[in-house]
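Residue-level structural notes
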Amino acid sequence: MLTAAMAAASPRFYHRYRQQTETEAIYGESALRWAYETAAGRGTLWALLRRPAFSRYYGWRMNRPASRRRIAPFIAEFELDPEEFAQPVESYATFNEFFYRELRPEARPLRGDEHDAVFPADGRHRGVPDLAATGFLYAKGQQLSVVELLGDRDLGARFAGGSAIISRLCPTDYHRFHAPVAGDLTRQVRLPGPLYSVNPIALARRITYLWQNARVVSLIEGSPFGAVAFVAIGATCVGTIAMTKTPGQTVARGDELGYFAFGGSCVITVFEPGAAQLAEDLLRAGDDEMELYAQVRDLAARATSA
């Protein structure tokens, strides 16, 4: 049974463009709270919901022609702007096609210069200025484990004590992700795992979901930030992490790297120690125990070498 305290704990974030604090409207909130905040729900989560087969089934449903009828109500309910879409609404044959839609380039202009890292996705972002510190990370006393996140002890040691930006995509967000910096894509490794939710309701219970979940770890080298690790993380109802750039390619700042099929998910940008100064409003939001809403290709950090 959900308590009043649980119902009151809706995540807050600071909206960069409206310059105000807002409460997140969570897609499927009642089901999410049941799964993570009740004993019966947690049992179902362990037995069924976290398993990739469940997300594959849901993805199959979103790829059926009948799913197309969900598109118009979804656009209306969450006040999306079809003028931003690269294709007309009627061209999407399924809900999933609409979900990982492309946008017109002018809808997300590239900000700054080569010494600026940009947000890799639309969404709610949390800055972690010191990965070695334990503080408020969706709940008090939680810490991001770089070694576990990257799935490699040597690579984790390289980024230990660095900084990071956790970019959380809601189901209502644009679901393609882009390069935060320019450089050479030298590494890309798929790591298997379950598919827990990455909503703050779930992460407040257990931050380890970020590195338990299936994910793709990429490395971009040769930028003013040095090496930058980029992690695309799957989640419940996100059975597909499609990478559109592969090792051996050079990427420009803001280039598309890939996309998620249906569901909310997360990408994490990790900087080497001393390489990046995170944006001031991103840090302020974190000090207030909130995320910052900002769009892809907007300013996220500045290289300390600039």
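Residues numbered from 1 in each chain as written. Predicted model: local features only at pLDDT ≥ 70, side-chain atom pairs only at ≥ 80, totals over all residues. Heavy atoms only, no water.

Secondary structure summary: the protein contains 11 helices and 18 strands in total. For the protein, the residues scored as buried account for 54% of the 306 residues in total. Sequence separation of 24 or more characterises 75% of the internal contacts of the protein that already satisfy a separation of 6 or more. (Helix = DSSP H or I, 4+ residues; strand = E, 2+ residues; numbered from the N terminus. Buried < 20%, exposed > 50% of the residue type's maximum accessible area, 1.4 Å probe, protein only. Contact = heavy atoms within 4.5 Å.)

In this section: the pattern of salt bridges. Throughout the structure, instances matching the rule amount to 16 salt bridges. Of the charged contacts, one joins Asp298 and Arg16 as a salt bridge, the two residues approaching to 3.3 Å between their closest N and O atoms. You can see Asp298 sitting in the loop between strand 17 (291-294) and strand 18 (299-303) and its partner Arg16 sitting in the loop between strand 1 (12-15) and strand 2 (20-23), a full 282 residues away along the chain. Judged by its relative accessible area of 11%, Asp298 is buried. Here Arg124 and Asp173 are joined by a salt bridge, their closest N and O atoms 3.1 Å apart. Linking Arg124 in strand 4 (residues 123-128) with Asp173 in the loop between strand 7 (163-169) and strand 8 (176-178), this pair joins segments that are 49 residues apart in sequence. In this structure Arg124 comes out as buried when scored by relative accessible area, which is 9%. Given the relative accessible area of 6%, Asp173 is considered buried. Salt bridges sharing partners connect three or more residues here, namely Arg16, Asp281 and Asp298. (Salt bridge = Lys/Arg side-chain N within 4 Å of Asp/Glu carboxyl O.)

We now examine helix 11 (residues 280-287). When helix 11 is considered as a whole, its buried residues turn out to be Asp281, Leu282 and Ala285. Angular distribution of buried residues about the axis of helix 11 spans 105 degrees; they occupy a single face of the element. Summarising the geometry of helix 11, the exposed residues directed more than 90 degrees from the buried face are Glu280 and Asp287. Residues of helix 11 that are buried make contact with strand 1, strand 4, strand 7, strand 16 (276-278), strand 17 and strand 18. Directly after helix 11, the chain includes Glu289, whose backbone phi takes a positive value near 60 degrees. (Arc of directions from axis to C-beta.)

To continue, consider the pairing of strand 9 (residues 183-191). Looking at chain direction, strand 9 and strand 13 (residues 250-251) are connected through 2 bridges and run antiparallel. Bridge pairing in strand 13 places Asp184 opposite Thr250. With 7 bridges connecting them, strand 9 and strand 10 (residues 215-223) associate as antiparallel partners. Bridging across to strand 10, Arg187 finds its partner in Leu219. (Pairing = 2+ DSSP bridges.)

All right, on to the sheet that holds strand 9 then. Taken in spatial order, the 10 strands line up as 2-1-17-4-7-15-11-10-9-13 in an open sheet, and their pairing is mixed. The sheet is open, and its two edges are formed by strand 2 and strand 13, each paired on a single side.

Our next topic: the side chain of Arg253. In this fold, Arg253 is placed in the loop between strand 13 and strand 14 (256-260). In this structure Arg253 is buried but unpaired, with Asp116 as the nearest side chain of opposite charge at 5.2 Å. From its side chain, Arg253 meets the backbone oxygen of Gly112 in a polar contact 3.2 Å long. Polar contacts involving the side chain of Arg253 include one to the main-chain carbonyl oxygen of Asp113, which spans 3.3 Å. (Lys, Arg positive; Asp, Glu negative; His and termini not counted. Polar contact = N/O pair within 3.5 Å; in protein donor to acceptor, adjacent residues only side chain to side chain.)

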